[in-house]
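So the chains spell out like this:
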Amino acid sequence: MRIPLSTTPGLPPMLVPAPSPQAADVSLALPRSFWKDFARDHFDQKPTVLRQLYKQGFPSSQEIFEALVNAAQQLLTEQSLALMRNMRFYLEHEDGPDGVAYHSLLFPLTRRHLPLPEDGTPEAYVERLDKWLGGKRFGIVLNRAQSYHWRHWQQMRSFLQGLYAGLGVPLYGADPAILFGNYRFTPFGIHKDDLHVFNFVVYGKKVISLWPFEKLSSRDEMPKDATLRERTASVHLRDKADEDAMLAQASFIEGNPGDILCWPASYWHRAEPTPGLSVCVSLGVAYRPPDFTGMEPPPAWPGRLRVNELPRDGSWRLPASVTAALAKRGRGASVESSQRELTSEWVRYLTGGTMSGPPPEQTDAALTARDWVRGSTDHPLVAVPLPGGHLLVSGCGRSTSLRPSPAVRRRIEWLVSTLNSGKPQQVEALETLFFSRLPARGFSRKAFLSLLEGMVRWRNVRRIAPVAR
């Protein structure tokens, strides 16, 4: 197998290890040595381009289109406010005020706006939309993109696993967002994020204009706030002359399909015009506490974890730095309930690789006694005790909470460990061993099957072909 080389300017060539046979076509993991050099020369310092690191596994335009279709189908079915915030549709106007292009955010979205299964390909969808919009340019932003396509979740998770090994685990997490359209400029203009960005160029050419924080932080519209460097902010262009003056101060990076454009959170940036359709995945990471830890007064959460503190087997427990912070929340029934809820959130968060959402559920999860299953060694299940005698079983960012007897708890921990071995198991045999010498009415067989089917839905366990005895 040929091993590709990093050809990034400013970084020495280095070997990218061949992925394991089971995940050969989805793994985007890079070695710790790569991230060590990247941290020394670029991370949180200056923009760069990682050119053609992968011979396989890189996201394709068809996979990205499938994720958009999945999100669109869910949006049309549920019309949930959360999904409406995740999926945004922008229409570009070239005749903006004072000669500056601007964008409308369209809401609500209908079948005419969104990619549909019958479109088949991204090109067909763009052609349909182009006719309907009369040639006006558009852009779609889909946050939590990994939650709408299993393969995309695997790709982003594997890339992050390498980053975590080299730089530590960013506790604010990672949000892969799809940027899709033929827009000329970033729909929300020149701005800065509160995330370090890895922009995967999937289709078309991508050009990004960039400014160091100090270049634009003194503009009149910017708040005079010492924390601005760590927060999101946008530039309000006055007119075309103002835009031209700013572009004269910018630096530019550009990439083609297979490249990854990177820049620190402190940099202002904007996508610049390129011909035709552009498809990218923007993966942002940040080293600060995640949103769900927000409390008054704010706790002293750890800034980052080590990669070996992420879930690795059924006996895993929350890292000591996290449990120490949770222990400071006091005592009493309401505090115990709050600790249980927050601990559960932390466990789901870490089993999901600190990404902004779990992968899509496996819909065909119903099992029979004759079925065979195999647990994943790459994405292990965990069984974590919670305050008040509860037990949380979690995997890939999802979970179920139980309050079992000590005997049943030991059997559940045995089940998790057995599945984490990655060996084929027949459902009937697993059930027989689980209930062997278990006290009557300790746990129902229906509850056992429901727990196992939940693990299949989470994608930590999958159904396999029968294995010869």
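This text gives an overview of the structure that appears in the document. (Residues numbered from 1 in each chain as written. Predicted model: local features only at pLDDT ≥ 70, side-chain atom pairs only at ≥ 80, totals over all residues. Heavy atoms only, no water.)

### Comments concerning the sheet that holds strand 2 (residues 87–93)
Formally: When DSSP finds at least two bridges between two strands, those strands are taken to pair. Only runs of H or I of at least four residues qualify as helices and only runs of E of at least two qualify as strands under DSSP, and these elements are numbered from the N terminus. For helices, the fitted line uses only the C-alpha atoms of the stretch in contact; every axis is such a line through C-alpha atoms, and the angle between N-to-C directions lies from 0 to 180 degrees. The contact criterion used throughout is that any non-hydrogen atoms of two residues lie within 4.5 Å.
Strands sit in the order 1-12-8-14-6-4-2-3 across an open sheet of 8 strands; the sheet is antiparallel. Lying at the two open borders of the sheet, with one neighbouring strand each, are strand 1 (48–50) and strand 3 (102–106). Ignoring strand direction, the axes of neighbouring strands in this sheet form an average angle of 25°. Each of strand 2, strand 4 (138–142), strand 6 (173–181) and strand 8 (196–203) is contacted by helix 4 (residues 122–133), which is oriented at about 130° to strand 4, the strand it contacts most.

### A few points about the nonpolar core
The line we're drawing: Only buried Ala, Val, Leu, Ile, Met, Phe, Trp, Tyr and Cys residues count toward a nonpolar core, and they belong to the same one when joined by side-chain atoms within 4.5 Å. Only protein chains enter the accessibility calculation, which uses a 1.4 Å probe. A residue is then buried if its area is under 20% of the maximum for its type, exposed if over 50%, and partly exposed in between.
By size, the foremost hydrophobic cluster in this structure holds 76 residues, and its most contacted members are Phe-138, Phe-159, Phe-180, Phe-198 and Phe-200. Each residue touching Phe-138, except ones within four places of it in the same chain, is listed here: Phe-89, Tyr-90, Leu-91, Tyr-125, Val-126, Leu-129, Leu-133, Phe-180, Gly-181, Asn-182 and Tyr-183. If you look at the next biggest cluster of nonpolar residues, it comprises 26 residues, including Leu-367, Val-416, Phe-448 and Val-461.

### Here's the deal with the packing of helix 10 (residues 406–420) against helix 12 (residues 445–458)
Under the convention used in this document: A crossing counts as left-handed when the near helix is turned anticlockwise from the far one by less than a right angle, and as right-handed when that turn is clockwise. Throughout this entry, Asp, Glu, Lys and Arg are counted as charged residues, while Ala, Val, Leu, Ile, Met, Phe, Trp, Tyr, Cys and Pro are counted as nonpolar. The remaining residues, Gly among them, count as polar.
Where helix 10 contacts helix 12, the axes come no closer than 12 Å and their chain directions differ by 35°. In this structure, the crossing between helix 10 and helix 12 has a hand that is right-handed. Judged by residue contacts, Ile-412, Leu-415, Val-416 and Leu-419 of helix 10 engage Phe-448, Leu-451, Leu-452 and Met-455 from helix 12. By residue class, the composition of the contact of helix 10 with helix 12 is 8 nonpolar, no polar and no charged.

### Some points on unusual backbone geometry
A cis amide bond links Phe-107 to the next residue, Pro-108, at an omega of -5°. Tracing the sequence through the fold places Pro-108 in the loop between strand 3 and helix 4. One non-glycine residue, Gln-52, lies in positive phi territory at about 50°. Following the sequence through the fold, Gln-52 ends up in the loop between strand 1 and helix 2 (61–78).

### Describing the sheet that holds strand 16 (residues 372–375)
Strand pairs in the sheet, formed through backbone hydrogen bonds, run parallel or antiparallel to each other. With antiparallel pairing, the 3 strands of this open sheet are ordered in space as 20-16-21. Here the strands that pair on one side only, and so sit at the sheet edges, are strand 20 (425–426) and strand 21 (461–464). Bridging between strand 16 and strand 20 involves 2 bridges; their strand directions are antiparallel. Counterpart to Val-373 in the pairing with strand 20 is Gln-425.

### What about helix 1 (residues 32–41)?
How we decide: What the arc measures is the spread of directions leading from the helix axis to the C-beta atoms.
Buried residues of helix 1: Phe-34, Trp-35, Asp-37, Phe-38 and Asp-41, and no others. Buried residues of helix 1, viewed axially, fall in a sector of 160°; they line one side. For helix 1, the exposed residues set more than 90 degrees away from the buried face come down to Arg-32, Lys-36 and Arg-40. Where helix 1 is buried, its residues meet strand 1, helix 5 (150–167), strand 8 and strand 12 (260–263).

### Digging into the packing of aromatic side chains
Between two aromatic rings, the relevant description is the distance of the centres plus the angle of the planes. Definition in use: Centres within 6.5 Å are what make two rings of Phe, Tyr or Trp a pair, Trp counting through its six-membered ring; a difference in plane orientation under 30 degrees is then read as stacked, over 60 as edge-to-face, and the rest as tilted. Only when the NZ atom of a Lys or the CZ atom of an Arg is both within 6 Å of the ring centre and within 35 degrees of the ring normal do we say a charge sits over the ring.
Evaluation of the coordinates by the stated rule reveals 25 aromatic pairs. Seen in terms of ring centroids, Trp-35 and Phe-38 are 5.4 Å apart; in terms of plane orientation they differ by 80°. Their pairing is edge-to-face. Pair noted here: Trp-35 and Phe-38 are both in helix 1, with a separation of 3 residues, about one helical turn. On the accessibility criterion, Trp-35 (0% relative accessible area) is buried. Linked through ring pairs, Phe-34, Trp-35, Phe-38, Phe-43, Tyr-54, Phe-58, Phe-159, Phe-198, Phe-200 and Tyr-287 together constitute an aromatic cluster. Its guanidinium or amino end placed over the ring of Tyr-287, Arg-304 lies 3.8 Å from that ring's centre, counting from NZ or CZ. A cation sits over an aromatic face here: Arg-445 above Phe-435, 4.4 Å from the ring centre.

### A look at the environment of Thr-110
Along the chain, Thr-110 falls in the loop between strand 3 and helix 4. Thr-110 gets classed as partly exposed once you look at its relative accessible area, which sits at 35%. Thr-110 sits 54 residues away from Tyr-164 along the chain, and the two C-alpha atoms are 39 Å apart.

### Re the pairing of strand 18 (residues 390–395)
Summarising burial for strand 18: 6 of the 6 residues are buried, a large majority. Across 5 bridges, strand 17 (residues 382–386) lies against strand 18 in antiparallel orientation. Bridging from a neighbouring strand, Leu-386 pairs with His-390 of strand 18. Hairpin remark: strand 17 followed by strand 18, antiparallel, with 3 residues in the connecting loop; positive phi at Gly-388, about 85°.

### Notes on the pattern of salt bridges
Should the charged atoms of two oppositely charged side chains come close, the side chains can pair. Rules: Just to be clear on terms, a salt bridge is a Lys or Arg side-chain nitrogen sitting within 4 Å of an Asp or Glu carboxyl oxygen.
On inspection of all chains with the given rule, the structure shows 27 salt bridges. Among the ionic pairs, Glu-243 bridges to Arg-270, the shortest N-O distance being 2.8 Å. Of the two residues, Glu-243 is situated in helix 7 (residues 240–247) and Arg-270 in strand 13 (residues 268–272); the sequence distance between them amounts to 27 residues. Per residue, the accessibility class of Glu-243 equals that of Arg-270, and both read buried. Through salt bridges with shared partners, one network takes in Lys-240, Glu-243, Asp-244, Arg-270 and Glu-272.

### Remarks on the side chain of Thr-351
Along the polypeptide, Thr-351 turns up in helix 9 (residues 333–351). For Thr-351, a relative accessible area of 9% corresponds to the buried category. Aside from chain neighbours lying at most four places away, what touches Thr-351 is Pro-311, Val-382, Ser-394, Gly-395, Cys-396, Gly-397 and Arg-398.

### Section: the environment of Thr-343
Looking at the element boundaries, Thr-343 is found in helix 9. Each C-alpha atom, one on Thr-343 and one on Gly-139, is 38 Å from the other, the two residues being 204 residues apart in sequence. Each residue touching Thr-343, except ones within four places of it in the same chain, is listed here: Leu-318, Leu-326 and Leu-386.

### Some points on the packing of helix 11 (residues 427–435) against helix 12
To be explicit about the condition: Roughly parallel means an angle under 35 degrees; roughly antiparallel, over 145; roughly perpendicular, 65 to 115; everything else is oblique.
Look at helix 11 against helix 12: their axes get within 11 Å of each other, and the N-to-C directions meet at 125°. The angle between the axes of helix 11 and helix 12 places the two elements in the oblique class. The element helix 11 and its partner helix 12 pack so that their crossing is right-handed. In this structure, helix 11 uses Val-427, Leu-430, Glu-431, Phe-434 and Phe-435 to contact helix 12, whose residues at the interface are Arg-445, Phe-448, Leu-449 and Leu-452. Here the residues of the contact of helix 11 with helix 12 sort into 7 nonpolar, no polar and 2 charged.

Coordinates in, geometry out; function isn't part of it.
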